[in-house]
Each structure stands twice: as structure tokens, then as C-alpha cells.
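Residue strings, one per chain:
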Amino acid sequence: MNDIAITDACVVFALRRESLFFFHEFPRQQRFAGAPCPAWFCGPTWLTVLAVETGVGNDAADKAVQWLLGNPPFGNVPYRPKFILSAGFSGALRADQRVGDLVLATEVIDAVGNVWPATWPGDLPAGDWRPPLTRGRLLAVPTLVGDPDEKRRLGEQHDAVAVDMETAVLARACQKKGVPFGALRVISDALTTPLSPQLVDVLKTGRVAPLRLAAAVLRSPQLVGALWRLSRDTRHAARQLALGLSELLTLGPPLAA
């Protein structure tokens, strides 16, 4: 049996905006042909990473992770991820968190209480991390959470520090296949920052159609200010996420194994 395989690490984003600054640190090198979503080998030759952009939602995440864990061929060689790292935006579930703060998951819990461990990277080297990392439980729910009271309730109910939408799908699939899994999320909206129902409706697919956005603004002109704030905050969050990913991905072999 031929045991030759590509075993680079894999970083999974949902949105292109989440990876905005990551590709400054890890430039794209070659696209993975045949992938069900955008997938690029990137970074220097000594630290090649497969970066995948799944799209928003559990169905998109599940389709991508099943492909990743199915030994997809790259040319004549199968790809087997060394580990899968979920990366992207998240909502704060604690009052002391600010936009740009990083959360490295210790475990992932879904809305009905299923829990999966985050097995990568294990213990971190001693010393200060820049940007600083908070370790804690990550909650994954199927829809955007925009109401501050609801975020506060979810944080208390699930003892979680941040919330996103897709990570539970990835954690479950990796545990089933025995593939090391981790999650690094960046806060893109603080606990007390509301996302109006109109804004949640515009953002729920992850891709904003110009005509749909224009119609929403005509109905609710106050969306202009909310969209400007969101654009500013997600840009800052994406920059911090890229810095955190660079730190984590350059960990030595004992931690990355």
C-alpha cells in the first residue's frame, strides 16, 4: 500500500473577509483543484497550509469537512490534514471581551449540549502571547445571535466565552475520524453590541447582494451606521486573527503533531 500523502495543516474559514489578512502572512501558492469550495495551499515551503473557505452555515461546513477528511487527491497524491483549525469571527459572550480579542477553544459545545474537545494545539508554551489568547469553551449555534440579552443568556447557560455558527460541525467530524482539531476565533462584536434583526437578515448568508442591501437600507436607513461599524470592526478582527494564526501555526513539532 502506498502511504505517501500530503499532510499539511488545514485552516478553515467560513468567510473570505475572515481570511483577509491571513493571506498577507501566508500568501496563496496553488489552488486545490476539485475542491467543493475555494481551497488554496499557501505559505512558505517550510510551513505550507491548506486554507479553505467553506461559506456560511452548517451545510456548507459539513460539505467541506467531509471532502477534507475523504483523502481528496491532489494530482496523484491524497491529502490528509495533519490537523484542522476552525478560524473566523465570533460573538462575545462575556462583558470583558472587546473586538479583536482572540479565543482559543478548549472545547466546543452545540445548542443542545453536545461537547467535543479541542485537541490541538494542546498546552501552549509559557510566556506572553501577542495578540493575547483567552482559552475557553466555544458555543456553536445554527444562526447569527444579535441580541445582547440572548448572548448573555447563552454564555451563562453553556458556560461559553464566544459563539459562532460552524465550528461544531467541524469538531464532530474530526472527532469521528480521529483527526486533531482546534478552533481560534476572534471577537467581531462585543456582548453589548446589538445586531438589529434587519442587519442579521442581510448578513445571514455571509454574502451581501447589492440590490438586497440597498432595499434593506431604504427600509431602515439606520443600517448605514451599523454597516459602517461592522465593516470597521470585522477588518480589525481579521487583522488580529491573522496575527494569532501566524503565532499558532509556527508552533514546534511536539505541539503540532
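Residues numbered from 1 in each chain as written. Predicted model: local features only at pLDDT ≥ 70, side-chain atom pairs only at ≥ 80, totals over all residues. Heavy atoms only, no water.

Draft legend 1. Up close: the pattern of salt bridges. All told, the structure shown has eight salt bridges when counted by the stated rule. Arg152 is the partner of Asp149 in a salt bridge, and the nearest nitrogen-oxygen pair spans 3.2 Å. Separated by three residues within a single helix, Asp149 and Arg152 lie in helix 3 (residues 148-158), roughly one turn from each other. For Asp149, a relative accessible area of 54% corresponds to the exposed category. According to the relative accessible area criterion, Arg152 is partly exposed, its value standing at 32%. (Salt bridge = Lys/Arg side-chain N within 4 Å of Asp/Glu carboxyl O. Helix = DSSP H or I, 4+ residues; strand = E, 2+ residues; numbered from the N terminus. Buried < 20%, exposed > 50% of the residue type's maximum accessible area, 1.4 Å probe, protein only.)

Draft legend 2. Representation of the side chain of Arg137 within the structure. Relative to the helices and strands, Arg137 resides in strand 10 (residues 133-140). Engagement of the side chain of Arg137 in a polar contact is seen with the side chain of Glu107, the distance being 2.6 Å. Contact partners of Arg137, with chain neighbours within four places excluded, come to Thr106, Glu107, Ile109, Val115, His158, Asp159, Ala160, Val161 and Ala162. (Polar contact = N/O pair within 3.5 Å; in protein donor to acceptor, adjacent residues only side chain to side chain. Contact = heavy atoms within 4.5 Å.)

Draft legend 3. Seen up close, the pairing of strand 10. The buried fraction of strand 10 amounts to six of the eight residues, a majority that puts the element mostly inside the structure. Relative to strand 10, strand 8 (residues 102-110) runs parallel, the two being bridged by eight bridges. Within the sheet, the bridge partner assigned to Asp110 lies in strand 10 and is Ala140. With three bridges joining them, strand 10 and strand 11 (residues 162-164) adopt parallel strand pairing. Within strand 11, the residue paired with Leu139 across the bridge is Val163. You can see the chain leave strand 10, run along helix 3 and come back into strand 11, and the turn it takes is right-handed. (Pairing = 2+ DSSP bridges. Right-handed = clockwise from strand over helix to strand, strands pointing away.)

Draft legend 4. Spatial organisation of the pairing of strand 4 (residues 49-53). Most of strand 4 is tucked away: five of the five residues are buried. The alternating pattern of strand 4 places Val49, Ala51 and Glu53 on one face and Leu50 and Val52 on the opposite face, and all of these are buried. Two elements, strand 1 (residues 9-13) and strand 4, share five bridges in a ladder whose sense is parallel. Paired with Val11 across the strands is Ala51, a residue of strand 4. In this structure, strand 3 (residues 39-42) lies alongside strand 4, joined through four bridges in antiparallel fashion. Paired with Cys42 across the strands is Val49, a residue of strand 4. The antiparallel pairing of strand 3 with strand 4 creates a hairpin that spans six residues between the two strands, and Gly43 there sits at a positive phi of about 95 degrees.

Draft legend 5. The nonpolar core, seen in detail. Counting 39 residues, the largest nonpolar core has Cys10, Leu50, Val52, Leu68, Tyr79, Ile84 and Phe181 as its most contacted members. At six residues, helix 4 (residues 167-177) tops the list of elements feeding residues into this core. Beyond its immediate chain neighbours, meaning those up to four positions away, Leu68 contacts Cys10, Val12, Leu50, Val52, Tyr79, Pro81 and Ile84. Grouped together as the second largest cluster of nonpolar side chains are 30 residues, Phe13, Phe23, Phe26 and Ala242 included. (Core = buried A, V, L, I, M, F, W, Y, C linked by side-chain atoms within 4.5 Å.)

Draft legend 6. Focus on the packing of aromatic side chains. Within this structure, the stated rule accounts for ten aromatic pairs. Aromatic pair Phe13 and Phe22: ring centres 5.5 Å apart, planes at 55 degrees, arrangement tilted. Just as Phe13 is buried, Phe22 falls in that class too. With a centroid separation of 4.9 Å and 10 degrees between ring planes, the pair formed by Phe22 and Phe26 is classed as stacked. Across this residue pair, the class does not change: Phe22 and Phe26 are buried. The rings of Phe32, Phe41, Trp67, Phe74 and Tyr79 are connected pair by pair, giving a single aromatic cluster. Taking NZ or CZ as reference, Arg28 lies 5.7 Å from the ring centre of Trp40, over its face. (Phe/Tyr/Trp six-rings, centres within 6.5 Å; stacked < 30°, edge-to-face > 60°. Lys NZ or Arg CZ within 6 Å of the ring centre and 35° of its normal.)

Draft legend 7. Quick look at helix 4. Buried residues of helix 4: Thr167, Ala168, Val169, Leu170, Ala171, Ala173 and Cys174, and no others. Gly178 sits one or two residues past helix 4 and shows a positive phi near 70 degrees.

Draft legend 8. Expanded view of the environment of Val145. As for its placement among the helices and strands, Val145 is situated in the loop between strand 10 and helix 3. Take Val145: its relative accessible area is 14%, and that puts it in the buried class. With 54 residues separating them in the primary sequence, Val145 and Gly91 have C-alpha atoms 7.7 Å apart.

Fair warning: the whole summary comes from geometry, so function is off the table for now.
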